[in-house]
Amino acid sequence: MSTHPAPAAAPFTGVLDWYTEPGAPAGVRAPELADAAAARDWLAEHRAELRAGLHRFGAVHIGGLPVRTVDDFALVRDELVLRATPYREKATPRSDFGSGVFSSTDLPAAQAIRPHNENSYTLTFPGLLLFGCLTAPEEGGATPVTDCREVLRTLPAELVGRMRASGWVLTRTYSETLSVAWQSAFGARTREEVEAYCAENAIACAWDEDGTLRTSQVRPGVISHPETGEEVWFNHLAFWNRFSLDEEIREVLLDELGPDGLPFDTGLCDGVPLTEEDLAVVNAAYERATVRRAWQPGDLLLIDNVLTAHARDPFRGERRIVVAMGDPVSVADCSPTVAPRAGAVGAVSRG
């Protein structure tokens with residue numbers, strides 16, 4: 001394991017009554033407030049302290065707010081998320097409720113979503129995520145959060161060294177049935193629009209004869225927070241690697257599509273293939289650094305997207321969790337250990 005010790009934590013104090021519990025994100029409870037307008041004013045009054053807590057803990061749970069509708073959420077959102085970030089290079093289905101408010105994801109309820117930093121593969125990504133609970137599920141459905149400083153500290157030094165030196169590569173094959181269509185992923189209508197976006201954003205792209213699109217991009221997997229300077233493990237390496245798929249699904253996809261046709265795959269860029277054991281080590285590091293709290297209606301969860309990854313637990317019953325993304329950050333401002341660049345990709349073979 002890495003030999004970097006965890007820094008000693010000084011007590012965190014402020015006007016608000018902060019609560020910290022083992023296994024759960026730090027948070028504060030709002031006083032009784034009449035409506036979303038009052039909640040907006042309360043958040044504005046305490047914005048500086050909430051931001052300070054966010055830099056300390058990486059994620060802040062805010063409980064007891066009268067946030068009941070999408071409009072309520074948009075109102076309080078504007079006191080915490082000062083600049084919106086467009087959702088680029090879409091990878092999962094979401095519902096767009098307007099005003100920059102989206103569903104957290106529309107993936108099936110039984111499917112767990114692994115920890116990830118939102119849009120870690122784009123050149124500009126949201127620095128801040130805000131989740132809100134409009135309807136809590138009957139069972140499960142938490143949004144776990146993972147301290148990426150801790151992940152970096154506890155991963156084996158050899159694996160971290162490889163990532164520092166080479167970065168990671170993401171390859172995608174776009175499909176209306178297995179992932180998302182390229183039109184949705186890029187918000188584009190023509191191949192020329194996709195090619196222009198890829199050229200501007202250090203992404204290699206190629207088209208098969210049947211119109212299938214495949215892309216490849218190399219990104220740094222270790223960066224530093226632009227304000228605190230803390231180093232973090234920041235990537236989708238484990239999230240989209242073939243070994244993170246269910247074994248039966250992986251074998252079916254490999255048989256049907258071949259190794260170059262998977263909807264998503266990742267690797268390190270040093271020419272040494274990742275093993276299933278490597279991915280197990282990364283997933284274990286995430287698990288050790290993950291905490292969660294059950295949702296209650298009106299709860300907000302503020303996440304620093306550089307310091308903290310997030311996930312989703314499976315659930316039963318109706319679950320309405322909305323999200324907004326903002327405070328855009330350029331990877332160039334995060335002391336990347338390697339420069340982003342286009343990967344290597346050829347046309348998809350369909351045999």
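You'll find the structure just up there.
All of these numbers come straight from a predicted model, not from anything done at the bench.

Trainee: Lay out the environment of Ala38 with the relevant residues and their values.
Mentor: Secondary-structure assignment places Ala38 in helix 1 (residues 36-45). Along the backbone, Ala38 and Leu65 are 27 residues apart, and their C-alpha atoms lie at a distance of 9.3 Å.

Trainee: Outline the environment of Pro144, listing residues and values.
Mentor: Positionally, Pro144 belongs in the loop between strand 8 (139-140) and strand 9 (145-147). What makes Pro144 buried here is its relative accessible area of 1%. For the pair Pro144 and Gly23, spaced 121 residues apart in sequence, the C-alpha to C-alpha distance is 9.9 Å. In contact with Pro144, other than residues within four places in its own chain, are Thr290, Val291, Arg292, Ala309, His310, Ala311, Arg312 and Asp313.

Trainee: Outline a negative patch on the surface, listing residues and values.
Mentor: Taken together, the side chains of Asp246, Glu247, Glu248, Glu251, Asp255, Glu256, Glu276 and Glu277 make up a negatively charged region of the molecular surface. Among the elements of the structure, helix 8 (247-257) and helix 9 (276-288) are those that each provide at least two residues to the negative patch. The greatest single-element share of the negative patch, amounting to five residues, is contributed by helix 8. Within the element layout of this structure, Asp255 appears in helix 8.

Trainee: How would you sum up the sheet that holds strand 7 (residues 124-135)? Please name residues and give values.
Mentor: With mixed pairing, eight strands are arranged side by side in an open sheet as 1-2-3-17-7-20-5-4. Edge positions in the sheet fall to strand 1 (18-19) and strand 4 (96-98), since each has one partner strand and no second. Note that strand 4 and strand 5 (residues 101-103) share two bridges and pair antiparallel. By the bridge assignment for strand 5, Asp96 is matched with Phe102. Contacting strand 1, strand 2 (27-29), strand 3 (59-63), strand 7, strand 17 (300-304) and strand 20 (320-330), helix 2 (residues 47-57) runs over the sheet at an angle of about 135° to strand 3. Against the sheet, helix 3 (residues 70-80) contacts strand 4, strand 5, strand 7, strand 17 and strand 20, and its axis sits at roughly 140° relative to strand 7.

Trainee: Mind laying out unusual backbone geometry, listing which residues take part and the relevant values?
Mentor: For residues that are not glycine, phi is negative in most cases, and the peptide bond is trans in most cases. Residues other than glycine seldom take positive phi values, yet Asn119 does so here, at roughly 55°. By secondary structure assignment, the location of Asn119 is in the loop between strand 6 (113-116) and strand 7. With a phi angle near 50°, Asp327 is a residue other than glycine that sits in the positive phi range. Position of Asp327 relative to the elements: it lies in strand 20. The buried category is assigned to Asp327, whose relative accessible area is 15%.

Trainee: An account of the nonpolar core is requested, with residue identities and associated values reported.
Mentor: Counting 37 residues, the largest nonpolar core has Phe125, Leu155, Ile223 and Trp233 as the members making the most contacts within it. At the level of secondary structure, the elements contributing two or more residues to this core comprise helix 4 (148-154), helix 5 (157-166), strand 10 (168-173), strand 13 (222-224), strand 14 (231-233), strand 15 (264-268) and helix 9. The greatest single-element share of this core, amounting to four residues, is contributed by helix 9. The contacts of Ile223, once residues within four sequence positions are left out, are Phe125, Glu230, Glu231, Val232, Phe234, Val306, Val331, Cys334, Ser335 and Pro336.

Trainee: Outline the packing of aromatic side chains, listing residues and values.
Mentor: Within this structure, the stated rule accounts for nine aromatic pairs. Arranged with centres 5.2 Å apart and planes meeting at 50°, the rings of Tyr121 and Trp240 form a pair that is tilted. Linking Tyr121 in the loop between strand 6 and strand 7 with Trp240 in the loop between strand 14 and helix 8, this pair joins segments that are 119 residues apart in sequence. Neither residue differs from the other here; Tyr121 and Trp240 are each classed as buried. These aromatic residues form a ring-pair network of at least three members: Tyr121, Phe239, Trp240 and Phe264. Taking the ring centre of Trp207 as reference, the NZ or CZ of Arg191 above it sits at 4.6 Å. The ring of Phe315 has Arg319 sitting right over it, with the charged end atom 5.4 Å from the ring centre.

Calculation rules
Residues numbered from 1 in each chain as written. Predicted model: local features only at pLDDT ≥ 70, side-chain atom pairs only at ≥ 80, totals over all residues. Heavy atoms only, no water. Helix = DSSP H or I, 4+ residues; strand = E, 2+ residues; numbered from the N terminus. Buried < 20%, exposed > 50% of the residue type's maximum accessible area, 1.4 Å probe, protein only. Contact = heavy atoms within 4.5 Å. Patch = residues over 30% accessible without salt bridge, like charges linked within 9 Å, V, L, I, M, F, W, Y side chains within 5 Å. Areas by Shrake-Rupley, 256 points an atom, 1.4 Å probe, with all protein chains shown as cover. Salt bridge = Lys/Arg side-chain N within 4 Å of Asp/Glu carboxyl O. Lys, Arg positive; Asp, Glu negative; His and termini not counted. Charge placed at Lys NZ, Arg CZ, Asp CG, Glu CD. Pairing = 2+ DSSP bridges. Axes fitted to C-alpha atoms, helices over the stretch in contact; angles between N-to-C directions. Core = buried A, V, L, I, M, F, W, Y, C linked by side-chain atoms within 4.5 Å. Phe/Tyr/Trp six-rings, centres within 6.5 Å; stacked < 30°, edge-to-face > 60°. Lys NZ or Arg CZ within 6 Å of the ring centre and 35° of its normal.

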